[in-house]
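Breakdown of the fold
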Amino acid sequence: MIEVNNVSKQFKEKKKTIAAVKDVSFSISKGEIVGLLGENGAGKTTLLRMISTIMEPTNGSIKINGIDISKKTMGIKQKIGVLFGSETGLYDRLSARENLAYFSSLYGISKHETNVRIDQLAVRFGMKDYIDRRVGGYSKGMRQKVAIARTLIHDPDIILFDEPTTGLDISSANMFRELVHQLRKEGKTIVFSSHIMEEVKLLCQSIIMIHKGELVYQGDIDELYKQEESEDLNYIFMSRLVRGA
Ligand SMILES: Nc1ncnc2c1ncn2[C@@H]1O[C@H](COP(=O)(O)OP(=O)(O)OP(=O)(O)O)[C@@H](O)[C@H]1O
Ligand SMILES: [Mg+2]
């Protein structure tokens, strides 16, 4: 369970204040798959950064399973896996296996457990052929797969993906979508941002829509279709943005 309560984020740049997220509140239940929609600069990445404990809100609070995440306990961090699209955070000089082992050690996972999990992830993502090569020589899609595996190395309950399929080819993007289905069966809670409406339609039961930092819609996707008397998410998105919060 994720509760976001009246969360705002402002950035100070020289004399300007940028309001990236404005008084946003919503809650996400365990096992929900949520699509986060919004134009470029709407505040999606900022919101995901705050939920992942990487960045603190200027105002408001975020709770996970009733615990305020500003306390940043190891217990909370272990529950969350996060992937930011553009920054894979991998070490180029290490192999994928070494990268995964390193991140696993940060969570205090034993060597044996780590090896088992790496082998499972290698199979799951079809990385066996290159897992021992240096990440520096990987293609974009290969990196992205390792980055997704890294997100899952500690078997988190809550998974945050920021534009996970950007830069992936069709089969890798399909692999990602299949992965989301599997994780859903395992009862994981997933929030992912996307600009691909078809992907959101396919994977999510609920959506969060933000526009210029403000919440425009949160809830069931079918309920939104009913309200708008349409199932064309592209059209709904554009018309909601015009109407605003
Ligand atoms: N570290 C920062 N310093 C200053 N401004 C920032 C910072 N991070 C984000 N912003 C600003 O906050 C706003 C929201 O940015 P954010 O990256 O959250 O948008 P987004 O919805 O993820 O967009 P995109 O779809 O392009 O990834 C933008 O105006 C951005 O310039
Ligand atoms: Mg972003």
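Just so it is clear, the structure is predicted and the values come from calculations on it, not from any experiment. (Residues numbered from 1 in each chain as written. Chains lettered and ligands numbered in written order. Predicted model: local features only at pLDDT ≥ 70, side-chain atom pairs only at ≥ 80, totals over all residues. Heavy atoms only, no water.)

1. So, the site of ligand 1
This is how the line gets drawn: For this purpose, a residue is taken to be near a molecule or strand whenever a single non-hydrogen atom of the residue falls within 4 Å of it. What qualifies as a polar contact is a pair of N or O atoms within 3.5 Å, subject to a donor-acceptor requirement within protein and to the restriction that residues adjacent in sequence count only when both atoms come from side chains. Here the Shrake-Rupley method, with its probe set to 1.4 Å, supplies the accessible areas, and only the displayed protein chains count as covering residues. Helical segments are the DSSP runs of H or I of at least four residues, strand segments are the runs of E of at least two, and each set is numbered from the N terminus. Each residue gets one of three labels, nonpolar for Ala, Val, Leu, Ile, Met, Phe, Trp, Tyr, Cys and Pro, charged for Asp, Glu, Lys and Arg, and polar for the others, Gly among them.
For ligand 1, the set of nearby residues contains 14 residues, the closest of which are Gly41, Gly43, Lys44, Thr45 and Thr46. One of the backbone nitrogen or oxygen atoms of Gly43 is found 2.9 Å away from an oxygen atom of ligand 1. At 3.0 Å, a side-chain N or O of His195 approaches an oxygen atom of ligand 1. When ligand 1 is considered free in solution it has 640 Å² of accessible area, and contact with the protein chains removes 66% of it. A per-element tally of the shell around ligand 1 places helix 1 (residues 44–51) first, with 3 residues. Residue classes in the shell around ligand 1 are distributed as 4 nonpolar, 6 polar and 4 charged.

2. Here we look at helix 1
To keep it simple, the criterion reads: Each residue is assigned to one of three classes by its accessible area relative to the maximum for its type, calculated with a 1.4 Å probe on protein chains only: buried under 20%, partly exposed between the two thresholds, exposed over 50%.
Of all 8 residues in helix 1, 6 are buried, a share of seventy percent or more. Listed in full, the buried residues belonging to helix 1 are Lys44, Thr46, Leu47, Leu48, Met50 and Ile51. Among the residues trailing helix 1, Thr53 stands out with phi positive, at a value near 75°.

3. Comments concerning the nonpolar core
This is how the line gets drawn: Within this scheme, the nonpolar core is defined by two criteria: the residues are buried Ala, Val, Leu, Ile, Met, Phe, Trp, Tyr or Cys, and they are joined through side-chain atoms within 4.5 Å. Every residue pair with non-hydrogen atoms within 4.5 Å of one another is taken to be in contact.
Ranked by size, the top nonpolar core spans 47 residues in total, and within it Phe125, Ile207 and Leu233 carry the most contacts. With 6 residues, the single largest contributor to this core is helix 5 (residues 140–152). Excluding residues within four positions of it along the chain, Phe125 makes contact with Lys145, Ile148, Ala149, Leu152, Met175 and Leu179.

4. Observations regarding the environment of Lys201
Relative to the assigned elements, Lys201 resides in helix 7 (residues 197–203). Expressed as a C-alpha distance, the spacing of Lys201 and Glu231, which sit 30 residues apart in the sequence, is 9.2 Å. Here Lys201 is in contact with Ile221, Tyr225, Glu231, Asp232 and Leu233, once residues within four sequence places are set aside.

5. A short note on the sheet that holds strand 2 (residues 16–28)
What counts, and what does not: Two strands pair under a simple rule: DSSP has to find at least two bridges between them. All axes are obtained by fitting lines to C-alpha atoms, using only the stretch in contact for helices, and the reported angles, taken between N-to-C directions, cover 0 to 180 degrees.
As summarised here, the arrangement of the 4 strands in space is 2-1-4-5, forming an open sheet in which the pairing is antiparallel. A single partner strand is all that each edge strand has here, and the edge strands are strand 2 and strand 5 (67–68). Strands in contact with helix 1 are strand 1 (2–13), strand 2 and strand 4 (59–64); relative to strand 1, the strand with the most contacts, it is inclined by about 120°.

6. What to know about the packing of helix 5 against helix 6 (residues 170–185)
Here is the rule: Note on angle classes: values under 35 degrees are labelled roughly parallel, values over 145 roughly antiparallel, values of 65 to 115 roughly perpendicular, and the remainder oblique. It is the rotation of the near helix from the far one that decides the hand of a crossing: anticlockwise by less than a right angle makes it left-handed, clockwise makes it right-handed.
One can describe the packing of helix 5 onto helix 6 by two numbers: an axis separation of 12 Å at closest approach and a directional angle of 15°. By the angle between their directions, the pair helix 5 and helix 6 is classed as roughly parallel. Helix-helix and strand crossings are classified by hand; for helix 5 and helix 6 the assignment is right-handed. Contacts from Lys145, Ile148 and Leu152 of helix 5 reach helix 6 at Ser172, Met175, Phe176, Leu179 and Leu183.

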